[in-house]
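If you want the building blocks of each chain, they are given just below.
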Amino acid sequence: MITLVLMTEADFAAYLEKTIPQYAHEKVKAGNWTEAEALERSRKEYEHFLPEGLRTAGHFLFMLVNETGAKVGWLWYALDPKKPEQAFIYDFEIYDQFRRRGYAIAALSALEAHARPCGVKKLELHVFGFNTAARELYKKCGYAETNVMMAKSI
């Protein structure tokens, strides 16, 4: 069982401290950014999408809390103001020590329960091609690939 609990300011600060460099690393690994520019570009993207931090309209940032009250991960999604029936999952993570216990599936189910009353009928997300475990999880939960980008270094 997973409960979505809105992040506190302390949760949000800890989240940014971990996720900004993590996202930068993933963008480098995917070949999108250079190592030299990655951290600054990552910071700027978070500032762009969350200009008011936790108070950014239409954005929901949650800690994922299990049945014992432990924080097992986080989830950030936003409503799409141009398409009110859609929402986008910006970030989702189950901490390493809590993986393979069903929390990811439970969290995505809890997200659906939260989003439905907001009028959401479709959830979208981006997943890096190299993240095969996440891709399989999303497929298992009913997500379908809608676009595939490919690249080759020469």
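Quick caveat: nothing in here was measured; it's all calculated off a predicted structure.

## Some thoughts on the overall build of the protein chain
Of regular secondary structure, the protein chain possesses 4 helices and 5 strands. Its helices and strands in sequence order give the protein chain the pattern β-α-α-β-β-β-α-β-α, from N to C terminus. Projected onto the principal axes, the alpha-carbon positions of the protein chain cover approximately 45 × 40 × 35 Å. Looking at the protein chain as a whole, 36% of its 154 residues are labelled buried. Restricting the contact set of the protein chain to residue pairs at least 6 apart, pairs at least 24 apart contribute 55%. Here the protein chain contributes 20 positively and 20 negatively charged side chains, and the mean placements of these two sets differ by 5 Å.

## Quick look at helix 4 (residues 132-140)
All of the buried residues along helix 4 are Ala134, Leu137 and Tyr138. Mapping the buried residues of helix 4 onto a view down its axis gives an arc of 95°, with all of them on the same face. Residues of helix 4 that are exposed and point over 90 degrees away from its buried face: Thr132 and Lys140. Looking at the buried positions of helix 4, the neighbouring elements they touch are strand 4 (86-94), helix 3 (103-115) and strand 5 (122-125). The first or second residue beyond helix 4 is Gly142, which carries a positive phi of 100°.

Scoring rules and cut-offs
Residue positions are counted from 1 within each chain, in the order its sequence is given. Totals for whole chains, interfaces and linings use every residue, but because this is a predicted model, local features are given only for residues with pLDDT of at least 70 and side-chain atom pairs only at 80 or more, for both listing and counting. With hydrogens and water stripped out, all remaining heavy atoms of the structure feed into the side-chain values. Numbered from the N terminus, helices here are DSSP runs of H or I no shorter than four residues, and strands are runs of E no shorter than two. Relative accessible area decides the class of each residue, using a 1.4 Å probe on protein chains only: under 20% of the type maximum gives buried, over 50% gives exposed, and in between gives partly exposed. Here, two residues are considered to be in contact whenever any of their heavy atoms come within 4.5 Å of each other. Positive: Lys, Arg. Negative: Asp, Glu. His and the chain ends are not part of the count. Where a charge sits is defined by one atom per residue type, namely NZ (Lys), CZ (Arg), CG (Asp) or CD (Glu). Arc, as used here, means the arc of the directions from the helix axis to the C-beta atoms.

Nothing here speaks to function; it is all geometry.
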